[in-house]
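# Structural overview for review
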Amino acid sequence: MAAWTDISGIRQRIADSSAEEVTASYIETIGKSKINGFTTVSEEAINAAREIDANGHEGPLAGVPIAIKENISTKGLSTTCSSKILQGYVPPYDAHVIEKLKEAGAVIIGKTNMDEFAMGTSTESSYYGPTFNPWDMDRVPGGSSGGSAAVVAAGEVPVSLGSDTGGSVRCPAAYCGVVGLKPTYGCISRYGLISYANSLEQIGPLSTSVADIATIMDVVAGYDNRDSTSINRENTYSDALKDDVNGLKIGVPEEYFGEGIDENVEKAVWDSIAKFEDMGATYEKVSMPHTKYALASYYIIAMSEASSNLARFDGTRYGYRVEGDNWHVMASKTRAEGFGDEVKRRILLGTYALSAGYHDKYYLKALKVRTLVKQDFDKALSNVDVLMAPTMPAPAFKIGEKIDDPLSLYLADVNTVPINLAGVPSISVPCGLADGMPVGLQIIGKHFDENAIIRAAYSFEQNTDHNKARPPEVE
Amino acid sequence: MVYENPDGVRIGLEVHVQLNKLNTKLFCGCSTEYHDSEPNTHVCPVCLGLPGSLPVINEKAVEYAIKIGLALNCSIVEQTQFHRKNYYYPDLPKGFQTTQYDFPIAGEGRIIIEGEDGEHVVGITRAHMEEDPGRLQHMGSIDRSKGTLINYNRSGMTLIEIVSEPDMRSPKEARRYLDKLRSILDYLDVFDGDLEGAMRVDANVSVHWGERVEVKNISSFKGAERALLYEIMRQKNHIRRGGEIVLETRHFDEARGVTISMRTKEEEHDYRYFPEPDLVPLRVADRVPKVRETLPELPDAKRERFMEQYGLGETHARALTTEIKVANFFEEVAAKVDPKDAAVWVSDILKGELNYRELSIDAFTVEDIVAVVELVTANKITEKSAVEIIRTVLDDGGKPQEIVEAKGLLKVEDDIVATAVDEAIAENPEAVADYLGGKEKSLNFLVGKVMQKTKGRADAREAREKVLAKLNE
């Protein structure tokens, strides 16, 4: 039976029964799931829960089940990026975030479905087949962390980790009606996250409540000497859980309400901003003129990095392999069969963008645009505390609707990718429904000012009922 | 004398130096002491390039790189950065090599060598840091192997690639450049050049100022000289037959001593360099002064000092400063005996004996050579005996004093031999007469007598010479 319980509720349940019982009940729920959100359920989860019952655990997540996206390395637990090419790959080590979660007592309950190598906006490109949106089984859950968002929305797990390269936590959070945070670049160690586009991606938590997001952040964020881009900065995220936005200055970027925006989405977001006004905040319109170039810049950078990152998958040492007479043939056949269409498309485009004759025309130009996009954020956020905009311009689309039209799929990321280019933090919180499907409000902050957006999101959650809406389809 | 470079030869060298004295690899904490280990035992997710692993720069490697840059008179860049060099090869676990591209840690510099016509300056273009790939082991020959094994122990070792200008004009100069480079690196104590793969050379060669050809995979200095001699000859012959030299990469087949074409310019790789997103740009300018303080006296400076301080000639000073270990050895000896004697005995005699046996200076002790030199200068033994003592120590072991005793090498023993010679001649007038009459065999008889009288303590050859000298008086 689906049970939407937040971390404090889970801890109460554990206190009343046991970690083993709680874990077992979640595993039972997952077993009956129809949404295809999990790719693997950990056989170790029950043992881990028993261990906690037997020895006790003081950690803030003692006994709390958590689901992990397929691209975050878990020792002894299959991690394939939902790709055929990594079939059978079991990492010999834990990602930094997994170490932190285990230290805090969390029970890694399983791995969640995703777009192959995190390339996508719909979780349709998984080797394991698509995940279905719990709100409407005909619709996509968003991507690429679609599994991580859908399983939380369906009550199959209280919290999960996803990764966000161009909106991959926020998009499925918005489509599935849960909370998802993309932290500042460098805030959480990427050690163990299988890279798609290193300079853009961050691991981020998903849950049904902002408080849970803060709790997870308290556990997983912080400096790690194995990730050179991680930043040493002390912060307690749960300190930001205050129901107070009095005097908060909100900037509303006009460019995020552009062509193609769904009118119901637009309305839900403006209603939310009005709600913030009621709560004592003020807003002003701001302009971020380079937004229109962000998408092109993002895709060139992401694909360029991806073409290099995915070079290591050649069948030599792990994963899927097609035998051949020599190494070239073996590697070529392995890659031809092992990668899906979207991944091949991005590898080829990235290779092209970096190649000698085009490097300056595409890659370097994309970097220049990135700088301009960053400056847009610096400028806009110099006058206001946070920015607010729709996370996605429209609610979740139908499965198969855009799969053969990659360009229209890329356009869906228009409001999320600039944030990754700039490296600033952004949270998506449920803010209403459009045609019965959830709408996400995106709250964007300054570098390392997660507390401002958590505080705004928490206040919003406390003063509205949007986060209590549950998908009708489940059971 | 001006070297006119009759063949218009230009040689530039790219030398990969493995910094095997760092305790850990370039981007991870794996131990660098893998040389005697089982394959794939010095590896971790990072140097295996496992999915999700990230590089973290080894600070000590940066320090060593700066040190090398300074020693080669290079400019050190303010801020450096790593790039990805993308290419496929089974020994490259990530499908790209992390290297430096447009911001190498060290810029232009120079090395002074003994050229064809005296001192010759070879320009250094750059020196940059990069990671070593793994190592392939083919079962059988490379073209007919049933399978290939990969050992990743070497993967991720720190390499410094030192690129020279095409300033060398003969294989001999190239060899001298390599020797000088090795000498400087030894001085810096940043690597052990004796370990396998510690220095690897690629050469760019052109003749008659023409197009250059790159010769890859040269694994020794001797090999470099051979490869260059072959390649110059090949290019000259090719041109003489009306051929044209094209830009290409050739492989040096060490066993056959020839170079073989690998690829021409048309097949050149496009490495698709771009900045490594997992490593943030690294400021190095602030570290330079501190590293500069750790720079030791380098070969050229030491040579000058030896000439000035010990009054040595250029040849001795050069021979004694090529290897840091020899230089240190010499200075210890020079502190105890006359420095000029020390120079002669260490440089001319001891080093000769060591080279002959392919031994390093570690095979002899300062104490022993001091003892030998003191015996000679005190006129207690002959120079010849001294050489014999050195040889004995090297071949059979033992201390010089013991050897002197055992072999009766003290000069007083000379008198015994001389007396024995006198006696033998006086007591055997017939034999003397026979010899003088043309009977060569009688000489042997007299020498035998001498040996009898000295109970075999005399050196037979020496006894023979002495008898001869006496008879010819």
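Keep in mind that what you see is a predicted model, and the values were worked out from it rather than measured. Throughout, a residue's number is its position along its own chain's written sequence, starting from 1. As they are written, the chains are lettered A onward and the ligands numbered 1 onward, keeping that order. In view of the model being predicted, local features appear only for residues whose pLDDT reaches at least 70, and side-chain atom pairs are presented and counted only at 80 or more, with totals across whole chains, interfaces and linings using the full set of residues. To get the side-chain values, take all heavy atoms of the structure and skip hydrogens and water.

### Considerations on the overall build of chain B
Starting at the N terminus, helices and strands are each numbered in turn, a helix being any DSSP run of H or I of at least four residues and a strand any DSSP run of E of at least two. Each helix and strand counted, chain B has 15 helices and 15 strands in total. Radius of gyration here is computed from C-alpha atoms only, and the compact-globule reference equals 2.2 Å multiplied by the residue count raised to the power 0.38. Taking 473 residues into account, the globule formula puts the C-alpha radius of gyration at 23 Å, and chain B, at 29 Å, lies well above it. When the backbone C-alpha atoms are referred to their principal axes, chain B occupies close to 95 × 55 × 50 Å. The classification of residues rests on relative accessible area computed with a 1.4 Å probe and restricted to protein chains. Under 20% of the type maximum is buried, over 50% is exposed, and intermediate values are partly exposed. Each of the 473 residues in chain B was classed as buried or not, and the buried ones make up 52%. Two residues form a contact once any of their heavy atoms are found within 4.5 Å. In chain B, the proportion of contacts linking residues at least 24 apart, taken out of those at least 6 apart, comes to 68%.

### Considerations on the state of the cysteines
When the sulfur atoms of two cysteines come within 2.5 Å, that pair is taken as a disulfide. Counted under the stated rule, the structure contains zero disulfides over all chains. Of all cysteine sulfurs, the one in cysteine 171 of chain A lies closest to cysteine 81 of chain A, which takes part in no disulfide; the gap is 18 Å. Given the relative accessible area of 1%, cysteine 81 of chain A is considered buried. With no disulfide of its own, cysteine 44 of chain B lies closest to cysteine 30 of chain B among cysteine sulfurs, the gap being 3.6 Å. In this structure cysteine 44 of chain B comes out as buried when scored by relative accessible area, which is 16%.

### Some thoughts on empty space enclosed by the protein
Here a cavity denotes a set of grid points, spaced 1 Å apart and computed over the protein atoms alone, in which a 1.4 Å probe fits but from which it cannot get out, and a pocket denotes an open set meeting protein on both sides within 12 Å along at least five of seven lines; residues with an atom within 4 Å of a point are reported as lining. Grid points are joined across faces, edges and corners, and a volume is the space filled by probe spheres set on the points. Enumeration over the complete set of coordinates arrives at eight cavities of 30 Å³ or more. Considered as a void within the structure, the largest cavity measures approximately 120 Å³ in volume. Contributing to the lining of the largest cavity are 17 residues, with Arg312 of chain A together with Ser53, Lys94, Phe96 and Asp278 of chain B lying nearest its centre. A class-by-class count of the residues in the lining of the largest cavity yields seven nonpolar, five polar and five charged. Residue type decides the class: Asp, Glu, Lys and Arg count as charged, Ala, Val, Leu, Ile, Met, Phe, Trp, Tyr, Cys and Pro as nonpolar, and the leftover types, Gly among them, as polar.

### As for the interface of chain A and chain B
With 37 residues of chain A at the interface, the matching set in chain B holds 32 residues. Contact with chain B buries surface across chain A, with Arg312, Arg317 and Trp327 of chain A losing the most and accounting together for 24% of the total. Where aspartate 278 of chain B meets arginine 190 of chain A, a salt bridge forms, and the shortest distance between an N and an O atom there is 2.9 Å. We define a polar contact as two N or O atoms separated by no more than 3.5 Å, with the added condition that, inside protein, one atom must be a possible hydrogen donor and the other a possible acceptor, whereas residues neighbouring each other in sequence contribute only through side-chain atom pairs. Put simply, chain A and chain B have 18 residue pairs in polar contact (both at pLDDT 80 or more) between them. Those elements giving two or more residues to the side of chain A that touches chain B turn out to be helix H9 (291-309), helix H10 (327-338), helix H11 (341-354) and helix H12 (359-383) of chain A. Ranked by residues supplied to the side of chain A that touches chain B, first place goes to H9 of chain A with four residues. Buried area: the accessible area, evaluated with a 1.4 Å probe, that two parts lose upon being put together, summed over both parts. When a carboxyl oxygen of Asp or Glu is within 4 Å of a side-chain nitrogen of Lys or Arg, the pair counts as a salt bridge.

### Structural notes on the environment of leucine 228 of chain B
When you line up the elements, leucine 228 of chain B lands in helix H3 (residues 221-240). Residues contacting leucine 228 of chain B, with those up to four places away along its chain left out, are Ile11, Pro171, Ala174, Ala203 and Val205 of chain B.

### Looking at the layout of surface pockets
Unfilled space is identified by rolling a water-sized probe across the atoms. Residue and element names in this part refer to chain B. Its boundaries defined by the atoms lining it, the second largest pocket holds a volume of some 1,500 Å³. Taken together, 42 residues line the second largest pocket, and the ones lying closest to its centre are Asp179, Arg182, Asp186, Thr322 and Glu323. Where the lining of the second largest pocket is concerned, the elements lending two or more residues are strand S5 (109-115), helix H2 (171-188), H3, helix H5 (299-310), helix H6 (314-321), helix H7 (324-334) and helix H8 (339-356). The leading source of residues in the lining of the second largest pocket is H2, at seven residues. Looking at the lining of the second largest pocket residue by residue, the classes come out as 14 nonpolar, nine polar and 19 charged.

### Comments concerning helix H2 (residues 19-31) of chain A
Residue and element names in this part refer to chain A. By this rule, a helix spans an expected 1.5 Å times one less than how many residues it contains. Given a rise of 1.5 Å per residue, 13 residues ought to cover 18 Å, and the 18 Å separating the end C-alpha atoms of H2 matches this to within 8%. Among the residues making up H2, those that are buried are Ala19, Val22, Thr23, Tyr26, Thr29 and Ile30. Looking straight down H2, one finds that the buried residues subtend no more than 120 degrees of arc, so they occupy a single side. When the buried face of H2 is taken as reference, the exposed residues oriented beyond 90 degrees from it are Glu21 and Gly31. Along the arc lie the directions from the helix axis toward the C-beta atoms.

### Observations concerning unusual backbone geometry
All names here are of chain A. Glycine 143 connects to serine 144 through a cis peptide bond whose omega is 0 degrees. Of note in the backbone geometry, asparagine 36 takes a positive phi value of approximately 60 degrees without being a glycine. With respect to the helices and strands, the residue asparagine 36 is situated in the loop between H2 and strand S1 (38-41). One non-glycine residue, phenylalanine 117, adopts positive backbone phi at about 55 degrees. Position of phenylalanine 117 among the secondary structure elements: in the loop between strand S3 (107-112) and helix H5 (146-153).

### Things to note about the confidence of the model for chain B
Model confidence for chain B is summarised by a mean pLDDT of 92, while 97% of its residues fall at 70 or above. For this predicted complex, the interface confidence reaches an ipTM of 0.94, while the overall pTM sits at 0.90. Residue-level confidence of the predictor is summarised by pLDDT, bounded by 0 at the bottom and 100 at the top.

### Considerations on the nonpolar core
For the purposes of this section, nonpolar cores are sets of buried Ala, Val, Leu, Ile, Met, Phe, Trp, Tyr and Cys residues that join through side-chain atoms within 4.5 Å. Grouped together as the largest cluster of nonpolar side chains are 247 residues, with contacts concentrated most on Leu101, Phe117, Phe276, Phe377 and Ile443 of chain A together with Tyr177 of chain B. Excluding its chain neighbours within four sequence positions, the residues that come into contact with phenylalanine 117 of chain A are Cys81, Ser83, Ile85, Leu86, Ile194, Tyr196, Leu310, Phe313, Phe339 and Val343 of chain A.

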